[in-house]
Amino acid sequence: ADDDMRAQVEDLIESGDNCTKTITVYFRILDQCDNPSDNLFVCIVNIHDDVAPVITCPPSLTIECTESTDPDVNQLLGNATAVDDCQAEEDLVITYSDATEPGACDQEMVITRTWSATDGCGNTSTCDQVITVDDSTPPTWDPDCPMAFDYYTSTGSTCPAASDISLAEGQVIGALEDYFVGNNLVPALAPCLSDNCSPIEQITARVETIVLSGDDCVRTYTVTFTIIDACGNEDPDLFICTVNVHDDVAPVITCPAPITIE
């Protein structure tokens, strides 16, 4: 008998939004003689969007410490893209958050950038992009910077023979650190040095050679330094500093007392 019944659609109502669409169908049941039922048969169908967008991360890469980590500034970093099965691309919200791990030095780090794509229904998918911030550029020095210093006994310097240097080969000094030749304070190297990422207070200089020449009239120290930044990058060109100590004071002569002779 049931095979002889049929249903007649009396009404169909759609409601909801892009996340959940509800279709309510009202049926009138008719028997084999087309006698309609007194009550309508109601069927409700709910269609849910519970699928997250498909997100694609930009590739992982390594950048220099001078480059911005902002993807809107540094176009090399790129931005994530996403597509959704139900919603248009312009309706998706793409954001990112960074987790940073320190590197071997202050200028280096590894950033794990987690991109998220969320559709209008709150469905979210994520992917990770790894950004390695590297410092591989050595420091530099200005060849026009004063690298020769002269000291004179007439202005208070110790004599050349008594003017030893306070440095030793292999010693590492800071860029802001002075040293002595005799009683003469030799200025720090900092004004002549620079680096792309390391602040000047983190730059060091290793003494490679100290060559003594001259005599008791003029003593000369020629010192070569290797300049090193905070990440251990070394300038392949040696920084050379020359210090001269001059004896420019004449002897003090004492004449014998006047005498009278016959």
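To be clear, the structure that these remarks concern was listed above.
Read on for a plain summary of the structure. Just so it is clear, the structure is predicted and the values come from calculations on it, not from any experiment.

A word on the state of the cysteines
All chains considered together, the criterion is met by five disulfides. Across the disulfide, Cys-145 is cross-linked to Cys-192 (sulfur-sulfur distance 2.0 Å). With the S-S bond torsion at -75°, the cross-link from Cys-145 to Cys-192 turns out left-handed. Taken as a pair, Cys-145 in the loop between strand S10 (140-141) and strand S11 (148-152) and Cys-192 in the loop between strand S14 (184-186) and strand S15 (193-194) lie far apart in primary sequence, 47 residues in all. Residue Cys-192 is classed as buried on the basis of its relative accessible area, which comes to 6%. Taken N- to C-terminal, the disulfide-bonded cysteines of the protein chain are connected 1-5, 2-6, 3-9, 4-10, 7-8. Not engaged in a disulfide, the cysteine Cys-217 finds its nearest cysteine sulfur in Cys-159; these two sulfurs lie 11 Å apart. Classification of Cys-217 as partly exposed rests on a relative accessible area of 48%.

Quick word on the nonpolar core
Leu-167, Tyr-179, Leu-193, Phe-225, Ile-227 and Phe-239 are the most contacted members of the largest nonpolar core, which totals 25 residues. Elements represented by at least two residues in this core include exactly S11, strand S13 (179-181), strand S16 (204-214), strand S17 (218-228) and strand S18 (239-246). Apart from the residues within four sequence positions on either side, Tyr-179 is in contact with Ile-165, Ser-166, Leu-167, Ile-173, Asn-184, Leu-185, Val-186, Pro-187, Phe-225, Cys-241 and Val-243.

Points about the sheet that holds strand S1 (residues 6-16)
Strand order across the open sheet formed by three strands is S1-S2-S3, with antiparallel pairing between neighbours. What marks the edges here is a single partner per strand, and that holds for S1 and strand S3 (41-48). The average angle at which neighbouring strand axes cross in this sheet is 20°, direction not considered. Two strands pair when backbone bridges link them, and S1 and strand S2 (residues 20-30) are joined in this way by 10 bridges, in the antiparallel orientation. Counterpart to Gln-8 in the pairing with S2 is Arg-28.

Thoughts on a nonpolar patch on the surface
Taken together, the side chains of Leu-40, Val-42 and Ile-44 present a nonpolar region at the surface, about 250 Å² in accessible area. Looking at the secondary structure, you find Val-42 in strand S3. A residue is classified by how much of its surface remains accessible, and Val-42, at 41% relative accessible area, is partly exposed.

Looking at the side chain of Thr-220
Its place among the elements puts Thr-220 in strand S17. Look past the residues within four positions of Thr-220 in its chain and what remains in contact with it is Val-211, Leu-212, Ser-213, Thr-242, Val-243 and Asn-244.

A look at the pairing of S18
Of all eight residues making up S18, six are buried, and the element is well covered by its neighbours. Two strands pair when backbone bridges link them, and S11 and S18 are joined in this way by five bridges, in the parallel orientation. Along S18, the bridge assignment pairs Phe-149 with Val-243. In this structure, S17 lies alongside S18, joined through eight bridges in antiparallel fashion. The partner of Val-218 across the bridge, within S18, is His-246.

What to know about the environment of Ser-157
Note on placement: Ser-157 falls in the loop between S11 and strand S12 (172-174). Among the residues examined, Ser-157 registers a relative accessible area of 9% and is labelled buried. Not counting residues within four places of it along the chain, the set of residues in contact with Ser-157 comprises Tyr-151, Tyr-152, Asn-183, Asn-184 and Val-245.

Focus on the sheet that holds S17
The mixed open sheet is built from five strands, whose spatial order is S11-S18-S17-S16-S12. Whereas interior strands pair on both sides, the edge strands pair on one side only; in this sheet they are S11 and S12. Adjacent strand axes in the sheet meet at a mean angle of 30°, parallel and antiparallel pairs treated alike.

A look at the packing of aromatic side chains
Tallied over the entire structure, the rule returns five aromatic pairs. Here Phe-27 and Phe-41 contribute two aromatic rings whose centre-to-centre distance is 6.3 Å and whose plane-to-plane angle is 55°, an arrangement assigned as tilted. Of the two residues, Phe-27 is situated in strand S2 and Phe-41 in strand S3; the sequence distance between them amounts to 14 residues. Here a set of aromatic residues connected by ring pairs shows up, and it is made of Trp-141, Tyr-179, Phe-225 and Phe-239.

What to know about the pattern of salt bridges
In the structure shown here, the tally under the stated rule is seven salt bridges. Here Glu-14 ties to Lys-21 by a salt bridge, and the two come within 3.3 Å at their closest N and O atoms. Under the relative-accessibility criterion, Glu-14 is labelled partly exposed at 49%. The partly exposed category is assigned to Lys-21, whose relative accessible area is 35%. The salt bridge involving Asp-164 is made with Arg-219; its shortest N-O contact spans 3.4 Å. Of this pair, Asp-164 sits in the loop between S11 and S12 while Arg-219 sits in strand S17; the two residues are 55 residues apart in sequence, bridging distant segments of the chain. You can call Arg-219 buried: its relative accessible area is 14%.

Reading guide: rules and limits
- Residues numbered from 1 in each chain as written.
- Predicted model: local features only at pLDDT ≥ 70, side-chain atom pairs only at ≥ 80, totals over all residues.
- Heavy atoms only, no water.
- Disulfide = S-S within 2.5 Å.
- Helix = DSSP H or I, 4+ residues; strand = E, 2+ residues; numbered from the N terminus.
- Buried < 20%, exposed > 50% of the residue type's maximum accessible area, 1.4 Å probe, protein only.
- Core = buried A, V, L, I, M, F, W, Y, C linked by side-chain atoms within 4.5 Å.
- Contact = heavy atoms within 4.5 Å.
- Pairing = 2+ DSSP bridges.
- Axes fitted to C-alpha atoms, helices over the stretch in contact; angles between N-to-C directions.
- Patch = residues over 30% accessible without salt bridge, like charges linked within 9 Å, V, L, I, M, F, W, Y side chains within 5 Å.
- Areas by Shrake-Rupley, 256 points an atom, 1.4 Å probe, with all protein chains shown as cover.
- Salt bridge = Lys/Arg side-chain N within 4 Å of Asp/Glu carboxyl O.
- Phe/Tyr/Trp six-rings, centres within 6.5 Å; stacked < 30°, edge-to-face > 60°.

No statement about biological role is implied by the geometric values presented.
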